[in-house]
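# Geometric and topological summary
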Amino acid sequence: MDFELTAEQRLILETVRRFVHEEIVPLEADLDPDASELPPHHRERLVAMTKELGFYGLDIPEEYGGPGIDLVTRTLMAFEMAQHRAGLYAPCYGVFGGAGLAQLYEADDDQKERYLHPVLRGEKRGFFALTEPSGGSDPARAIRTTAVRDGDDWIVDGEKTFISGADKADFGIVFARTDPELGRKGITCFLVDTDMPGFRVRRIIHTLRSTHYAAELEFNRVRVPGRNVLGEVNQGFAIANDRLSRNRIPYAAGCIGVALKAQEMAIAYAKARKTFGDYLSTRQAVQWMIVDNEIDLRTGRALTLEAAARADAGKPFRTEAAICKLVASEGASRVVDRSMQIHGGYGMTKDLPLERWYRELRIRRVGEGPNEIQRLIVARDVIGGSFH
Amino acid sequence: MTGVRLGKPWRDLDDAGIAALPGQLGVFQIGDAEGVVLELGFAGGRSRFGLRSAIAETAAKHERAARFRYEVTMQYWSRFEELLAVYLADHGELPVGNADRGDRRIGRIAAPGR
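Residues numbered from 1 in each chain as written. Chains lettered and ligands numbered in written order. Predicted model: local features only at pLDDT ≥ 70, side-chain atom pairs only at ≥ 80, totals over all residues.

### Details of the overall build of chain B
To be explicit about the condition: Numbering of helices and strands starts at the N terminus; helices are DSSP runs of H or I of at least 4 residues and strands are runs of E of at least 2. Our radius of gyration looks at C-alpha atoms and nothing else; its globule reference is 2.2 Å times the residue count to the power 0.38. Exposure classes come from backbone-placed C-beta atoms, where a residue is buried if 20 or more other C-beta atoms lie within 10 Å of its own, exposed if 12 or fewer do, and partly exposed in between. Working definition of a contact: two residues with C-beta atoms, positioned from the backbone, lying within 7 Å.
Assigned secondary structure in chain B consists of 3 helices and 4 strands. Ordered by position from the N terminus, the helices and strands of chain B form the series β-α-β-β-α-β-α. Its C-alpha atoms give chain B a radius of gyration of 13 Å, near enough to 13 Å, the size a compact globule of 114 residues would have. Viewed in the frame of its principal axes, chain B has a C-alpha envelope of about 35 × 30 × 30 Å. Here chain B holds 114 residues, and 39% of them are scored as buried. Nonlocal contacts in chain B, meaning residues at least 24 apart in sequence, comprise 70% of its contacts between residues at least 6 apart.

Spelled out as structure tokens, the structure:
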């Protein structure tokens, strides 16, 4: 596969690189090392800049006002946008805009009017609720939240866990079992407003990420109108599954981005730090760590771009997305770990971003489907058969 | 289970009490003599002496400050957000020192015991 950059891609990447270096990194000197948000005045200023550059809302489809940039280029941009302290989970602190929840593009016109357009205008926030206490890796079987038809409405009962953003959201995309006999074909997707009686954020779940947390949700006989069914009744799992595959590509790209920066830092430090009369960079033990970093980086980068290229070409990309997610998350974890080792004691401190990336990358091996599930996906695709 | 309040005992805000504080990261509340919370805060990675300096600096902003209580935690951001959400659920408004949040949303969480 040929990944020679076009002149346009080079220009875009140079612009993004300069933006990160000149606009984002200097602000981090004054922010808390775990911060994931910018002060409002900086955010507004930088959003205006990305709009001026034509890069705002990168992942929004062109027909909804997005800039219409292909996924390979967006992946290359994601490598750059992650190269700062908050870059893994808050690339450029969100000033390039988000796409909202991808499932909303499959909504009907009425739902788009009530949910998608307000999200794109920044007026409403949503959350995605699939995982339950009974499990998240096998949602088709684990989902115990039920929705039972009552006239034109549905009554939703159950609980969800590890849900991001629910406590500050206006609505959620919630998956519930509507036919217990049909397995994965008995799940339906609902748009649930957070002010509907019976919805409750039960508790916050603290994790390795200090600024972002998950929440546990309770649905106690929540009455949801029939017009809030997203897609077809009993076809909700297909909506969830498509989203899970597609998200794995930018998820991998973020891992590679911070690992690229960690490698750059490790090389610079190794060339500046002397021990026993010579630079670390002359020590074979350190050289090999840097070489192993490079191998992990190039492997992850190539596989992530391959997945993006297949998606751009309209080819099946589920296997490639699974592979790039697991290779990038595991490889980036190793890169950051080695880079911390090269930095010695400084690598453990909050003076440098390495410790934050180390914590956050650990989550990446579980988030968006644990890497064992990625291996199952690949096994099913290359060997055949099902998950039994 | 619901959101968790900061339930540690109040301590008197004096020089000896401040000097005895740990330098670790964490969250805290500054209160008046009646135990009314004046401000919720956290000691983050940029604080000079962790809870010790963060509590002293925050208390200095409030004339009525008379007490404090704290909790050591590395998850100071998410715990701070949780404490704000629980306080809002309990009282219907934020402490005076946290009232100016700009357009940042406070999470809605079920209050403990409700």
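Now that the structure is up, let's keep going.
### So, the interface of chain B and chain A
Which entries qualify depends on this criterion: Each residue gets one of three labels, nonpolar for Ala, Val, Leu, Ile, Met, Phe, Trp, Tyr, Cys and Pro, charged for Asp, Glu, Lys and Arg, and polar for the others, Gly among them.
Across the contact, 22 residues belong to chain B and 16 residues belong to chain A. The class makeup of the residues in the side of chain B that touches chain A is 7 nonpolar, 8 polar and 7 charged.

### Things to note about the pairing of strand S7 (residues 214-225) of chain A
All names here are of chain A. As a reminder of what qualifies: Two strands qualify as a pair provided that DSSP identifies no fewer than 2 bridges between them.
For strand S3 (residues 153-164) and S7, the ladder comprises 9 bridges, and the chain directions are antiparallel. Across the sheet, residue Gly158 finds its bridge partner in S7, namely Phe219. Of the pairings in the sheet, the one linking strand S6 (residues 199-205) to S7 comprises 6 bridges and is antiparallel in character. What sits directly across from Phe199, in S7, is Phe219.

### Concerning the domain arrangement of chain A
Residue and element names in this part refer to chain A. Stated precisely, the cut-off is as follows: Boundary definitions for the domains trace back to an automatic or database domain assignment.
Domain parsing of chain A yields domain 1 (7-103), domain 2 (126-230) and domain 3 (238-383). Of note, the centres of domain 2 and domain 3, computed from C-alpha atoms alone, are 31 Å apart. If you look at the interface, domain 2 gives 9 residues, while domain 3 gives 9 residues. Looking at side-chain class alone, the side of domain 2 that touches domain 3 contains 6 nonpolar, 2 polar and 1 charged residues.

### Quick notes on the environment of Thr207 of chain A
Residue and element names in this part refer to chain A. Mapped onto the fold, Thr207 is located in the loop between S6 and S7. The exposure class of Thr207 is partly exposed, given the 17 C-beta atoms found within 10 Å. With 100 residues separating them in the primary sequence, Thr207 and Ala107 have C-alpha atoms 32 Å apart.

### A word on the sheet that holds strand S4 (residues 67-72) of chain B
Residue and element names in this part refer to chain B. Short version of the rule: Axis definition: a line fitted to C-alpha atoms, limited for helices to the stretch in contact. Angles are taken between N-to-C directions and run from 0 to 180 degrees.
Read from one edge of the open sheet, 4 strands run S1-S4-S2-S3, paired in antiparallel fashion. Of all strands in the sheet, those bounded by a partner on one side alone are strand S1 (11-12) and strand S3 (37-43). Inspection of the sheet shows strand S2 (residues 26-31) paired to S4 by 6 bridges, in the antiparallel sense. For Gly26, the partnering residue across the bridge sits in S4 and is Val72. Where helix H3 (residues 76-91) meets the sheet, it contacts S2 and S3, and its direction lies at approximately 165° from that of S3.

### As for unusual backbone geometry
Residue and element names in this part refer to chain A. One non-glycine residue with positive phi stands out, namely Phe162, at about 55°. The residue Phe162 is located in strand S3 in this model. The exposure class of Phe162 is partly exposed, given the 19 C-beta atoms found within 10 Å. The residue Asn234 is not glycine, and still its phi comes out positive at about 70°. Examined against the element boundaries, Asn234 turns out to sit in the loop between strand S8 (229-230) and helix H6 (236-272).

### Some points on the packing of helix H8 (residues 318-343) of chain A against helix H9 (residues 354-364) of chain A
Residue and element names in this part refer to chain A. This is how the line gets drawn: Roughly parallel refers to an angle under 35 degrees, roughly antiparallel to one over 145, roughly perpendicular to one between 65 and 115, and oblique to any angle outside these ranges. Take the far helix as your reference; a near helix turned counterclockwise from it by less than a right angle gives a left-handed crossing, and one turned clockwise gives a right-handed crossing.
In the contact formed by H8 and H9, the axes pass within 9 Å of each other and the chain directions differ by 155°. Between H8 and H9, the angle is such that the two are roughly antiparallel. Note that H8 runs across H9; the crossing there is left-handed. Contacts from Ser329, Ala332, Ser333, Val336, Asp337, Ser339, Met340 and His343 in H8 reach Leu354, Trp357, Tyr358, Leu361, Arg362 and Arg364 in H9. Residue composition of the contact of H8 with H9, by class: 7 nonpolar, 4 polar and 3 charged.

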